[in-house]
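So you can see what is in the structure, the chains are spelled out below.
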Amino acid sequence: MTSAILSALNILTRPVNEASGPDAQSSQQQVLLAALEANRTLLLQRLQTESSLEEVRRLREEVKVEAGWFCSNTEDVTWSFVQECLLLLLALTRHLSEELERFQQTPPPPAARRRTPELAPPLPPDVLSVAQQKTLAAALQFVVSLGLCPYLAPGVGVPLGRRSTFGALVEKLVRGGAEPAGGRRLLTTTNVLLQLAELSTLATLVFTRHLGDVMAALCQLGYQPHREEQRPLTAEECRLCKEALRNLLGKVYQPIIIKELLILQGGPKQSGPAVTSGGSGSSRAGLGSAPAWLRRLCGQLLSERLMQPNGVQAVVRAVLEGGTGGDSDWRKCDAVARILVACPQQSTSADAYFRNICPQILELLHFKDKLTAQQFQRVATRAALSMVQERSSFAQQFLLRPLLAALQRCTTASNQEDSQVAVEESELTRCVEDVYKVWVVGNSPSVSLLEALEEVLPVVFTLFCFTKKNVSHLRAPCQEILVWYLSHAESSAGLSMIRQLSGLQGRRNEVAAGFLFTPGSDGGARLVCRGSSSDEDDELYEKLSGEQWRLECLMQILSELKDSDLPGDFFLELLPELTSWAAAADDEEKEDEEQPDVAAMTLLEVEQQLLGGAERRAQRLVLLQVLAVMVESLQHTELLRRTSQVVDFMVTLLQRACVGLDQASGPRVGNPVESQTLSMGMGLVATMLSGPQVSADDYSSMSKLLPALQTLSQQHPDVFIQELASNLRGVIATHGAYRPENLNTAAGSSSRNPESTANDINGAKTPVSKLPAFSAGSTRGSTSDPPNKPLSDWLLEACDPDVPTRAFALRVLNQKVHQRDPEAVQNQEKVLMLFLENLEHEDSFVYLSAIQGLAALADSYPDRILERLLKDFQAGPSLPSSDRQRCLETRLKLGEVLMRASRAMGDLAPHLGRPLLGVFLQGTRDPDQTVRASSLSNLGELCQRMDYSLGPLAQELSSCLTALIKTEKEAEVRRAAVHVIAQLLRGLSDKTTQVLSEVLLDLYRALKLVVRSDPDEVAVLHAQAGPGGAGRRDEEVHLPPAKAGEEDRCPALELLLVLVLLPCQIDFIFWRFHPSVRS
């Protein structure tokens, strides 16, 4: 029966080119009318004649009798055709309903006759084949195109002419024969389609293709305003249409409903028709302007969709589903966000609207699907930011407060709660991720957002400190949140927050006392109640180590503020406090020396006096600790980025130097550290003034130095500092018009080697190796030719007992070897013997010249010279005149020669270095510790130039170094072994993992062993710097190059920052472990 009805529908909807019709000379409209009439006539004829369609004819007659809308004497061809389609569709619906009812009422077969599980269950009778569905879809399209769309008012729904070229033809055809009873025909067609939709199989075909048209018809039938005398429907019919529309909106998938309502609202007026392939999927840009009543109705219905449960998600899906994540999708996200923020007129109140909408907006942040999550998060972020800007009070109450609830609970947790877990891991993770998405990803700073984040920032920082000690996925978002706040907050608010996080200011909104973060099962964290501890020493140690760790974490956050002046401003804000502390130190010492009359004081006054002193000392401890960690952790380029900051730093330094100058016995008068710090600082000012271009603004900012410079020039006891201060004051005051001759000399003194400066402070002599006359390679760059003497004369003078004559002759011979002088080439054996003899000379001028000469010979003639040097280094000097008592000293000098030769090898190191490598490895087992250390030093210089040729020897080298680190008793040798690993990693750079792949883990474990258990602090320092050096090289390979100016370092300024705090650190160490402070 189903096949027969669909066969009748197929006869009725046969394509035009297969139907009989007029000749080709007729118009398209005439052809279409003829085809419709011919198909209808053919159907009626076959229903009467063919026995296979007898049941169809009977069922059609039954439906026809019940259909009060059927008109048999109409002259409208198209409506007659539509009526036949409607009759057959209703007949099909009745038949399928009856069959389905019988199928459902049929009792199941007995257990013995049931089919096996492998067999499919019987299909219900309403299941249609693909061909049958195609026939039914064609019939529905004819019904909608000929019996529904032509009777829609202008602007209601998508016109047929905008759907296809054939649709434009049908539109003209039906309009030409329209009757006044169009409203009744529209009602008839709509009712039949709704009756079809009551059957699930047919409802799918109706609504997937024609939902928009059915909705448009119901809107027009139920809500279009009419004059009373022209109303086509009765009031009851209008009510039923409205009810049918409400039922339809509630049953269908909401994003589809919202999309169709947006289409019904219409769009801007178009100059011409836009041809698209579907009715419901047309773009709003191709729609005509909808009438006002329809726009109001669609707006009301859309608002109702939005305010129902999960309405926000439905709206977002309706707009964004099918997007690819491109630019157009981002614009759609912003448009949806603006819609969500605008409170609709249909809402009872703004408070109720936002109370309902805000939780749904927050839920958009928690989707897991990648594309969907990206789009939904964009909508939620933009909606939240727009709401904060436009509806701040509602945003605070319904959006920001619930979003930050988990972090805020960390500050208000109480021990009275039954559970030990105050905040679960999932809540904390979701809260931190939401904050990151709204604040950091949204990146739209405002006062409300910054204030809301400021309330929970201490908790975020505590959580960040916790994640730094563990492996947690919350570390990166916490760090980004902290950096974002400090980058966008006002300078005063940012400085206040840094002071609070560092402990210099009273803490607010911290994690509740008695609670701490612990690792979660999913890599996050949770807040739990802290267990009680009975050991006071353990509590004190935990407190002190925790404060130190917080400071280190804070310094890491400050180091991430690459383009911010906040670290420098914070540093400069602390220095005046240090100066005021120094100024008040004398008064406090006098007060401490004066014993107070305790008998005349009450107990409360005594307690207040003692507590006041302890509080001041504790505050100074924190200040010193913060300054010390800043100087150790941050580079000077991060602390002092601008010239004005350097000037402010120098103002603080000079003001601090002026403290106590009026007292002859001041604590800083005659202090070598203070004097050296002051002289370096003034040298730095001289360097700034000696620059090629010092602007007027620079001179204006330096004018703040004038009062302090005047005080120093008049009262400082050091004459040199007085003169330098006076000269600097004159240059600044005259804006460079006055420039003394010794200004450049003072500027040069500030940039000398920090190591030599430290040696001068400690009273040590400058090493001979650092003298410029005999520095490495000094003769290589000399351009002056030696006097025109024969080589024999220089050989004789090299044996002269007069030390200056001998040293000068050796330098001349060194030059001749470098220049490949023919006589020197012919007599290279004599020159070699002469250098070896002078190597044992006791004067440093002589043996350093001999070392340079031997290195030059090894560079020029490596094959034979290196062999001789290696033999003497391994077994001792082989000359007959050698002094056996000084054999060790000579071997160490030969080690220096070999080290310089290794440096000079360059790309030839893989070829020439193999013999040296073997000798150096043997030297690590020498009985003398200095030879072992020298061999290791040379080994490090050579290995960092061997590149890939080091691969076959990596295992042997690793075994040697790890054995020395584990078993060597002498600290000097262990330091050298650790230094070899550092040089090895530094030399191989990005090739480390390829060359040392088999031994890299062993070397790392050896370094960790040194860090954990080696008693020598220098060895530990080398071990900590070794992997760091490799890490920096690795960053150079994998990260973009540094900005201009960042690679330039200023050793003088770095040392100056340390020297400023050096006197204070002594007091800091004393106070930290003083019993009065611990009590």
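Residues numbered from 1 in each chain as written. Predicted model: local features only at pLDDT ≥ 70, side-chain atom pairs only at ≥ 80, totals over all residues. Heavy atoms only, no water.

The chain is annotated in an unreviewed UniProt entry as Transport and golgi organization 6 homolog from Amphiprion percula. The UniProt entry for the chain carries the following comment under Sequence similarities (unreviewed entry): "Belongs to the Tango6 family." (UniProt positions renumbered as here; feature names shortened; annotations may be inferred.)

**Brief notes about the overall build of the chain**
If you tally the helices and strands in the chain, you get 48 helices and three strands. Put simply, 74% of the contacts in the chain that link residues at least 6 apart link residues at least 24 apart. Carbon and sulfur atoms make up 51% of the accessible area of the chain, which amounts to about 53,900 Å² in all. (Helix = DSSP H or I, 4+ residues; strand = E, 2+ residues; numbered from the N terminus. Contact = heavy atoms within 4.5 Å. Areas by Shrake-Rupley, 256 points an atom, 1.4 Å probe, with all protein chains shown as cover.)

**What about helix α3 (residues 54–66)?**
With 13 residues, α3 extends 19 Å from end C-alpha to end C-alpha; this agrees with the ideal 18 Å at 1.5 Å per step. Close packing links the buried residues of α3 with α1 (2–12), α2 (28–49) and α4 (77–105). (Expected span 1.5 Å × (residues − 1).)

**As for the pattern of salt bridges**
Where charged atoms from two side chains of opposite charge approach closely, those side chains can pair. Enumeration according to the criterion identifies 28 salt bridges in this entry. R94 is paired through a salt bridge with E62; the nearest N and O atoms lie 3.8 Å apart. Linking R94 in helix α4 with E62 in helix α3, this pair joins segments that are 32 residues apart in sequence. Measuring nitrogen to oxygen at the nearest pair gives 2.7 Å for the salt bridge that ties R975 to D1016. Here R975 is found in helix α43 (residues 971–988), whereas its partner D1016 is found in the loop between α45 (1000–1013) and α46 (1017–1038), with 41 residues between them in sequence. Here the salt bridges share partners, and the residues they tie into one network are E55, R58, E62, E66 and R94. (Salt bridge = Lys/Arg side-chain N within 4 Å of Asp/Glu carboxyl O.)

**Brief notes about the nonpolar core**
What tends to happen in soluble globular proteins is that the nonpolar side chains get buried as a cluster. Of all hydrophobic cores here, the largest spans 222 residues; its most connected members are L136, W439, F517, F571, M630, M682 and L705. Of the domains in this structure, domain 1 (1–17 + 27–104 + 125–223 + 232–248) and domain 2 (642–662 + 672–748) are the two that each give at least three residues to this core. For L705, the contacting residues outside a window of four places in its chain are V647, M650, V651, L654, V685 and I732. The next biggest cluster of nonpolar side chains, apart from the first, holds 72 residues, and it includes V897, L950, L996 and V999. (Core = buried A, V, L, I, M, F, W, Y, C linked by side-chain atoms within 4.5 Å. Buried < 20%, exposed > 50% of the residue type's maximum accessible area, 1.4 Å probe, protein only. Domains from an automatic or database assignment.)

**Considering the sheet that holds strand β2 (residues 515–519)**
Spatially, the three strands line up as an open sheet ordered β1-β3-β2, and their pairing is antiparallel. Looking along the sheet, the strands with just one partner apiece sit at the ends: β1 (421–423) and β2. Across the sheet, the mean angle from the axis of one strand to that of its neighbour is 45°, orientation sign disregarded. In terms of strand pairing, β2 meets strand β3 (residues 525–529) through five bridges, oriented antiparallel. In the sheet register, L516 faces β3, and the bridge partner there is V528. Here helix α17 (residues 405–412) sits on the sheet and contacts β1, β2 and β3; the angle it forms with β1, its principal contact strand, is near 135°. Set on the sheet, helix α19 (residues 447–468) makes contact with β2 and β3; between it and β2 the angle comes to about 45°. (Pairing = 2+ DSSP bridges. Axes fitted to C-alpha atoms, helices over the stretch in contact; angles between N-to-C directions.)

**As for a negative patch on the surface**
A cluster of acidic residues, D535, E536, D538 and E539, forms a negative patch at the surface. Looking at the element boundaries, E539 is found in helix α22 (residues 536–559). (Patch = residues over 30% accessible without salt bridge, like charges linked within 9 Å, V, L, I, M, F, W, Y side chains within 5 Å. Lys, Arg positive; Asp, Glu negative; His and termini not counted. Charge placed at Lys NZ, Arg CZ, Asp CG, Glu CD.)

**Description of the packing of aromatic side chains**
Inspection of every chain in the model, using the stated rule, returns eight aromatic pairs. Look at F394 and F398: their rings are 6.3 Å apart centre to centre, the planes differ by 10°, and that puts the pair in the stacked class. Remark: F398 and F394 occur in helix α16 (residues 392–403); sequence separation between them is four residues, near one turn of the helix. Here the two residues F394 and F398 agree in accessibility, since each one is buried. Plain terms: the ring middles of F466 and F517 are 6.3 Å apart, the flat faces sit at 40° to each other, and that makes the pair tilted. Placement of F466 in helix α19 and of F517 in strand β2 is noted, with a sequence separation of 51 residues between them. For the pair F466 and F517, one class covers both residues: buried. (Phe/Tyr/Trp six-rings, centres within 6.5 Å; stacked < 30°, edge-to-face > 60°.)

**What to know about the packing of α3 against α4**
Any two packed helices are characterised by how steeply their axes cross, that is the angle between the axes, and by the distance between the axes. The interhelical angle for the contact between α3 and α4, taken along N-to-C directions, is 105°, at an axis separation of 9 Å. As judged from the angle between their axes, α3 and α4 are roughly perpendicular. Contacts from V56, L59, R60, E62, V63, K64 and E66 in α3 reach E84, L87, L88, L90, A91, R94 and H95 in α4. Of the residues assigned to the contact of α3 with α4, the class counts are seven nonpolar, one polar and six charged. (Parallel < 35°, antiparallel > 145°, perpendicular 65-115°, else oblique. Nonpolar A, V, L, I, M, F, W, Y, C, P; charged D, E, K, R; others polar.)

**Regarding the packing of helix α8 (residues 200–223) against helix α11 (residues 292–307)**
The interhelical angle for the contact between α8 and α11, taken along N-to-C directions, is 110°, at an axis separation of 11 Å. Of the possible angle classes, the one that applies to α8 and α11 is roughly perpendicular. Crossing angle aside, the handedness with which α8 passes α11 is right-handed. Across from C219, Q220 and Y223 in α8, the residues of α11 making contact are W293, L294 and L297. (Left-handed = near helix turned anticlockwise from the far one by under 90°.)

**Re the side chain of R40**
Along the polypeptide, R40 turns up in helix α2. The class for R40 is buried, based on a relative accessible area of 18%. Setting aside residues up to four positions removed in sequence, R40 forms contacts with L12, S80, F81 and E84.

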